[in-house]
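An overview of the molecular structure
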Amino acid sequence: MNSQFGHAALKVIKPALAYAALLLISYIICFPLIWALSTSLKPSSELSAMPPRIIPQTMTLVNYKHLITGKQQYFGASQGYQPSSAPPQHFMSWFLNSCIVSGGSTLISIVVSTLAAYSVTRFRYPGRRLVPYFSLLGYMVPSIILVFPLFMVMTRLGLTDSLWSLVFGYVSITLPFCMWLLWAFFRGLPLELEEAALIDGASRLRVFFEIVIPSAMPGIIAAAIFSLIVSWNDFLFGRVFMNSIEQLPLTVGVMLFFEGVHVDWGLLMASAVLMTVPMAILFMLMQRHLVAGFGAGAVKG
Amino acid sequence: MQADWKVADNRLGILFILPFVLAALVFMVYPVLDAVRMAFFYIDPLNPTGDHFAGFDNFRFIFSDPLFWKSFKNAAVWTGTSIVLQTLIGVSLALLLHLQLRGISFFRGLLLFPYIVPTVVIALTWQWMLNPEVGIVNYALKRAGLISENIYWLSTPGMAMISTIMLNVWKYTPFVTICVLARLQTIPLELYDAAAVDGASLVRRFLDITLPQLAEVLVVVIVFRTIWTFNKFEEIYLLTRGGPGTSTFNLAIYSFEQSIANLKMGVGAATGVFMMCLLFAGSVIYIRLFRFDEESTP
């Protein structure tokens, strides 16, 4: 009797415990972002109010307005301060820069690695087996080793301080793991359909565009998402390659808010939220593909 | 005729690999080789024509620099602690997420979130949360009666190290969980049936059945995470800038500071070469363990 009760109770308690643990973990995962959102909606008078509240007493969008309309912060507040370099002014151009460079480098990496993955898995020529090894090694090399030699390359090409330097810089990080992921993916695609089409007299190019690309789409999307995430999130390359304030990517630009006497946490948290939004949207739309990508072992991190 | 078609066909294959080869040569092979070259030169970034050969001077410099060894030690402690925590938490989380519960896929999806959040964003929000005076973490700890004095999370050496480890664990534990979860889902259920008949306890079943099945994926994940964690730059630099002082320097930050702040790019490159040697040792272990070469031959 007693043991039966215990058994039944255990059956109820265990899922309850599991859910409690899951909720706790979700809270730990989400809290930093929730807190950033909450802070960004507070007026500056409430920022250091004790006790801190998650729901602001007075909500305001003023921080977002400053970032989006580029209000000159502390204008004329201190002598020697140059209004032209007030960081919030540049927020929107930084945002655009980040979109351009992560989009550009992803496009290049995806096109190049799709062609290469098809070539390596469908044709026979000497050296093709080295490509996946090479990619694996390539994506283990940390950015800190690549960044200064690449900076020298960009100097020689006359690209420093232009967005192209970042596009190419990110290709050096994203290309190896796109290649690795797509190689694994193409290797797993069945050959029968392609062979049948070739025997029927379809050209290689037609087979490539009409059969191979559509069936490789899940892999291509997963690789593109990872590539977008990596290049959108990078700080190091932007920090080393870029000089002029309006050319910075978002990650480097936002760190400039720390310069100056007074750190405006409301503004910083609003930037943090806006910086996360594109990735969060991508994340929600593409969750399925992300998991597939993790499954294929293509994670840079 | 047939042979002609083959040759023409292979040409297309070579045409398709060309962009990759070109991009790889310019943006991957050349920079790595150049990093090795730079390690043997005195380089002044302000005077690009003034490079001159340094022999092993840069290596002598780093090996006799106490800060280099301190950075090495920090990197080892940082990596070791992070990996142990990530593995323990990651495996427990995977076991939890492996339960057949309603709505579990929502939690599985959520788990990927820290991975997509930019490191800059995490560093910013953590600096705000860990602010000693007005941060919410100190407030919560005081409220709960766990501490009576404010903790200076980022400005005392030991706490700064702990803070960066927490950030790293927060961000990368999901990586371990996802990999382990994927493997858990492929363990045949029959293995557990026999144990259930024998009346083995949960702990025994985990140790005798689950853990051996996970061994392989765990080794791969640990090797990968060790290599990456050891070389991390942004996770530390953005939170503490390597500080206070030099207390959270790792080799990546040491290399960065030598190149940028001290303009000793040769010394920075020598540090990079040292890191690469460790990395290649790690990769060799990985390739040996994974043996993907055998399966990869089509």
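What you see is a predicted model; the values in this text were computed from it and never measured.

**Considering helix α5 (residues 143–157) of chain A**
For an α-helix, 3.6 residues make a turn, and residues three or four places apart therefore share a direction. Residues and elements named next belong to chain A. Between its terminal C-alpha atoms α5 stretches 20 Å, which fits the 21 Å expected from 15 residues at 1.5 Å a residue. Counting buried positions over the 15 residues of α5 gives eleven, a clear majority of the element. Residues of α5 that are buried include every one of S143, I144, I145, L146, V147, F148, P149, L150, F151, V153 and M154, and no others. Within two residues after α5, G158 carries a phi angle of roughly 70°, on the positive side.

**Some details on the interface of chain A and chain B**
Counting residues at the interface gives 74 residues for chain A and 70 residues for chain B. Elements that contribute at least two residues to the side of chain A that touches chain B include exactly α1 (2–40), α3 (91–122), α4 (130–140), α5, α6 (163–187), α8 (204–233), α10 (250–255) and α11 (265–295) of chain A. The class makeup of the residues in the side of chain A that touches chain B is 55 nonpolar, 16 polar and three charged.

**Remarks on the nonpolar core**
In this structure, A:A116, A:V147, A:M179, A:L182, A:A223 and B:V120 are the most contacted members of the largest nonpolar core, which totals 157 residues. When residues in this core are grouped by element, the largest group, 16 residues, is from α6(A). Taken together, domain 1 (2–60) and domain 2 (83–295) of chain A each give at least three residues to this core, which thus spans both. Beyond its immediate sequence surroundings of up to four residues, A:L182 is in contact with A:S113, A:T114, A:A117, A:G219, A:I220 and A:A223.

**A word on the domain arrangement of chain A**
Residues and elements named next belong to chain A. Domain annotation for chain A reports domain 1 (2–60) and domain 2 (83–295). If you average the C-alpha positions of domain 1 and of domain 2, the two centres end up 34 Å apart. Between domain 1 and domain 2, the residue contacts involve eight residues of the former and seven residues of the latter. Tallied by class, the residues present in the side of domain 1 that touches domain 2 amount to four nonpolar, three polar and one charged.

Criteria and thresholds
Residues numbered from 1 in each chain as written. Chains lettered and ligands numbered in written order. Predicted model: local features only at pLDDT ≥ 70, side-chain atom pairs only at ≥ 80, totals over all residues. Helix = DSSP H or I, 4+ residues; strand = E, 2+ residues; numbered from the N terminus. Expected span 1.5 Å × (residues − 1). Buried ≥ 20, exposed ≤ 12 C-beta atoms within 10 Å, placed from the backbone. Contact = placed C-beta atoms within 7 Å. Nonpolar A, V, L, I, M, F, W, Y, C, P; charged D, E, K, R; others polar. Core = buried A, V, L, I, M, F, W, Y, C linked by C-beta atoms within 7 Å. Domains from an automatic or database assignment.

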